[in-house]
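# A structural walkthrough
Okay, here's what each chain looks like letter by letter:
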Amino acid sequence: MKLGSILKLKGYTAFELQQLNNGHRVIELPVNGRDGRFIVDTGATHNVIAKDDCSFFKVLTWGDVNTEGVSSDQLSKRSFKNSITLGRHRVDEVEFIVTDLRKVNRALEKSEDGEINGIIGMQLLVQTNAVVDCANGILYIKK
């Protein structure tokens, strides 16, 4: 029996991930009711949202956090109590690190992949009991 069939029998829902030219996988999903485009990154600890998109996604920030990696070691903000909708599943209490993603989007422009609004990391993947089928580009979640 294939992985997808087993997971569906166990109550998981499948979501197709688009593969970018640079190899990253993206998913389109609403944050706080507004549609966005996010890289799914199993190596990222946190969910990240572009600070330039805060007002569009109605993201409120609290407190500073020092970030490394994607944001080039800068002071960023935290955002709590956000919601994400995946199909018929609504996930509340989603946390984001709000930071500058212009550097990431410039790199995506060079590979002709278009911009992203953020990154889905392990926080949400764990929260939704996710299984990522990298070979087939499918995200399975179970709420």
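Before reading on, note that the structure itself is shown above.
Reading the values: the criteria
Residues numbered from 1 in each chain as written. Predicted model: local features only at pLDDT ≥ 70, side-chain atom pairs only at ≥ 80, totals over all residues. Heavy atoms only, no water. Helix = DSSP H or I, 4+ residues; strand = E, 2+ residues; numbered from the N terminus. Rg over C-alpha atoms; globule rule 2.2 N^0.38 Å. Contact = heavy atoms within 4.5 Å. Areas by Shrake-Rupley, 256 points an atom, 1.4 Å probe, with all protein chains shown as cover. Lys, Arg positive; Asp, Glu negative; His and termini not counted. Charge placed at Lys NZ, Arg CZ, Asp CG, Glu CD. Buried < 20%, exposed > 50% of the residue type's maximum accessible area, 1.4 Å probe, protein only. Arc of directions from axis to C-beta. Pairing = 2+ DSSP bridges. Salt bridge = Lys/Arg side-chain N within 4 Å of Asp/Glu carboxyl O.

Another aspect to go through is the overall build of the protein chain. Tallying secondary structure elements over the protein chain gives four helices and eleven strands in all. Over its C-alpha atoms the protein chain spans a radius of gyration of 15 Å, differing by no more than 12% from the 15 Å that the globule rule assigns to 143 residues. Dimensions of the protein chain, computed from the C-alpha atoms along their principal axes, are close to 45 × 35 × 25 Å. Contacts in the protein chain between residues far apart in sequence, at least 24 positions, make up 56% of those at least 6 positions apart. Total accessible area on the protein chain is roughly 7,900 Å²; 48% of this is exposed by carbon and sulfur atoms. Computed over 19 positive and 18 negative side-chain charges, the inter-centroid distance for the protein chain is 6 Å.

Quick look at helix 3 (residues 102-110) now. Among the residues of helix 3, Val104, Asn105 and Leu108 are the ones counted as buried. Here the buried residues of helix 3 occupy an arc of 95° about the axis, which is enough to place them on one side. Next to the buried residues of helix 3 lie strand 4 (34-40). Glutamate 112 sits one or two positions beyond helix 3 and adopts a positive phi of about 60°.

Sheet topology places strand 1 (residues 13-16) next to strand 11 (residues 138-141); four bridges connect them, and they run antiparallel. For glutamate 16, the partnering residue across the bridge sits in strand 11 and is isoleucine 138. Pairing between strand 10 (residues 131-133) and strand 11: three bridges, direction antiparallel. Residue valine 131 lies in a different strand from strand 11, and its bridge partner there is tyrosine 140.

Here we come to the pattern of salt bridges. Taken as a whole and assessed by the stated rule, the structure comprises four salt bridges. With a shortest N-O distance of 2.3 Å, arginine 78 and glutamate 95 are connected by a salt bridge. Placement of arginine 78 in strand 7 (residues 74-86) and of glutamate 95 in strand 8 (residues 89-99) is noted, with a sequence separation of 17 residues between them. Arginine 102 is the salt-bridge partner of aspartate 100, the closest N and O atoms lying 2.7 Å from each other. Look at aspartate 100 and you get buried, because its relative accessible area is 15%.

Okay, the environment of phenylalanine 80 next. For phenylalanine 80, the location among the structural elements is in strand 7. Relative accessible area serves as the criterion here: at 35%, phenylalanine 80 is assigned to the partly exposed category. Spatially, the C-alpha atom of phenylalanine 80 lies 28 Å from that of glycine 137, the residues being 57 residues apart in sequence.

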